[in-house]
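# Architecture and fold: a report
The chain contents come next:
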Amino acid sequence: MDNSKIGKLIYQLRKEKGMTQTELAGCMNISDKTVSKWERGLGCPDVSLLSELSDIFNVDLSEMLSGQLTKNNILGGRMKRIKIYACPECGNIIIVLTDTSISCCGKKLRPLELTKAEGRNKLDVERIENEYYISADHEMSKEHFISFVAFISDDTVIMRKQYPEWNLQVRIPFFAHGRLVWYCTRHGLFYQDI
């Protein structure tokens, strides 16, 4: 840990919050001299205080320890570049439009890798009037199911959550073209262009 970098970050975050050293110290039941010492790089917060500091400033603990906040690059352009994360513990699905750091259930997540669906892995897609009717012959058990189906085009994402022990049957409004993306809890993230 770099005391100087962490001290500068604490100073920056405190100023952004509009807090004085005394106010920050009061929130944490420590002396303002301790906060001053941190900000001057002459010491570092005790491990027992890091989580509280992270909560006060609403920043990720690992970013606090690195002494700098990582800014996301703003990427314009196509929605097909989205990244999808799935938490193996609770099943949360997170969709983001740019590179970022995602954590869930205390674990850092990596974006899922897209695999082109082939053969039996493909979804059945039928156009009925102004909708796509999407279905699949999938076991959909509690241990092995498709947790969501999404349609992605250049400017649109439509996501339909699925549940175990339901038959996979989804209706999505018709678009001229796009990509279907779905997540199988056992086999991962698939796509097929329609």
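Below is a summary of the structure that appears in this document. This structure is a prediction, so every number in the text was calculated from the model and none was measured.

Taking every second residue as pointing to the same face, the buried face of strand 10 (residues 169–173) carries Val 170 and Ile 172, while none of Gln 169, Arg 171 and Pro 173 on the other face is buried. Note: strand 7 (residues 131–135) against strand 10, five bridges, orientation antiparallel. In the sheet register, Tyr 133 faces strand 10, and the bridge partner there is Arg 171.

Further remarks concern the packing of helix 2 (residues 21–28) against helix 3 (residues 32–39). The geometry of helix 2 relative to helix 3 is characterised by a closest axis approach of 8 Å and an angle of 115° between their N-to-C directions. Taken as axis vectors, helix 2 and helix 3 run roughly perpendicular relative to one another. Note that helix 2 runs across helix 3; the crossing there is right-handed. Contacts between helix 2 and helix 3 involve Gln 21, Thr 22, Leu 24, Ala 25 and Met 28 on the former and, on the latter, Asp 32, Val 35, Ser 36, Trp 38 and Glu 39. Residues of the contact of helix 2 with helix 3, tallied by class, amount to five nonpolar, three polar and two charged.

Membership of the largest hydrophobic core comes to 17 residues, with the highest contact counts inside it found for Leu 123, Ile 134, Ile 146, Val 149, Ile 172, Leu 180 and Trp 182. Secondary structure elements with two or more residues in this core: strand 7, strand 8 (146–152), strand 10 and strand 11 (179–184). Setting aside chain neighbours within four positions, we find Leu 123 in contact with Ile 134, Ser 135, Ala 136, Ile 146, Val 149, Leu 168, Leu 180, Trp 182 and Gln 192. Grouped together as the second largest cluster of nonpolar side chains are 16 residues, Leu 13, Val 35, Ile 56 and Val 59 included.

The sheet built from five strands is open, its strands ordered 5-12-11-8-9 with mixed pairing. Two strands lie at the open edges of the sheet, namely strand 5 (114–116) and strand 9 (157–161), each paired on one side alone. Taken over all neighbouring pairs, the strand axes of this sheet differ in orientation by 25° on average, direction set aside. Pairing between strand 11 and strand 12 (residues 188–193): six bridges, direction antiparallel. Of the residues in strand 12, the one forming a bridge with Leu 180 is Gln 192.

The next thing to look at is the sheet that holds strand 6 (residues 124–128). Here three strands make up an open sheet; going across it, the order is 6-7-10 and the pairing antiparallel. Since the sheet does not close on itself, it has two edges, and those belong to strand 6 and strand 10, each with one partner. For this sheet, the mean inter-axis angle between neighbouring strands, taken without regard to orientation, is 25°.

Contact geometry for helix 1 (residues 3–17) and helix 4 (residues 47–57): axes closest at 10 Å, N-to-C directions at 40°. Looking at the two axes, helix 1 sits oblique to helix 4. Between helix 1 and helix 4 lies a crossing whose hand is left-handed. On helix 4, the residues touching Ile 10, Leu 13, Arg 14 and Lys 17 of helix 1 are Leu 53, Ile 56 and Phe 57. Residues of the contact of helix 1 with helix 4, tallied by class, amount to five nonpolar, no polar and two charged.

This part is about the pattern of salt bridges. According to the stated counting rule, one finds four salt bridges in the structure shown. Close ionic contact of Glu 39 with Arg 14 constitutes a salt bridge, the shortest N to O distance being 2.5 Å. With Glu 39 in helix 3 and Arg 14 in helix 1, the pair connects residues that are 25 residues apart, well separated along the chain. Note on accessibility: Glu 39 and Arg 14 belong to one class, buried.

Conventions used here
Residues numbered from 1 in each chain as written. Predicted model: local features only at pLDDT ≥ 70, side-chain atom pairs only at ≥ 80, totals over all residues. Heavy atoms only, no water. Buried < 20%, exposed > 50% of the residue type's maximum accessible area, 1.4 Å probe, protein only. Helix = DSSP H or I, 4+ residues; strand = E, 2+ residues; numbered from the N terminus. Pairing = 2+ DSSP bridges. Axes fitted to C-alpha atoms, helices over the stretch in contact; angles between N-to-C directions. Parallel < 35°, antiparallel > 145°, perpendicular 65-115°, else oblique. Left-handed = near helix turned anticlockwise from the far one by under 90°. Contact = heavy atoms within 4.5 Å. Nonpolar A, V, L, I, M, F, W, Y, C, P; charged D, E, K, R; others polar. Core = buried A, V, L, I, M, F, W, Y, C linked by side-chain atoms within 4.5 Å. Salt bridge = Lys/Arg side-chain N within 4 Å of Asp/Glu carboxyl O.

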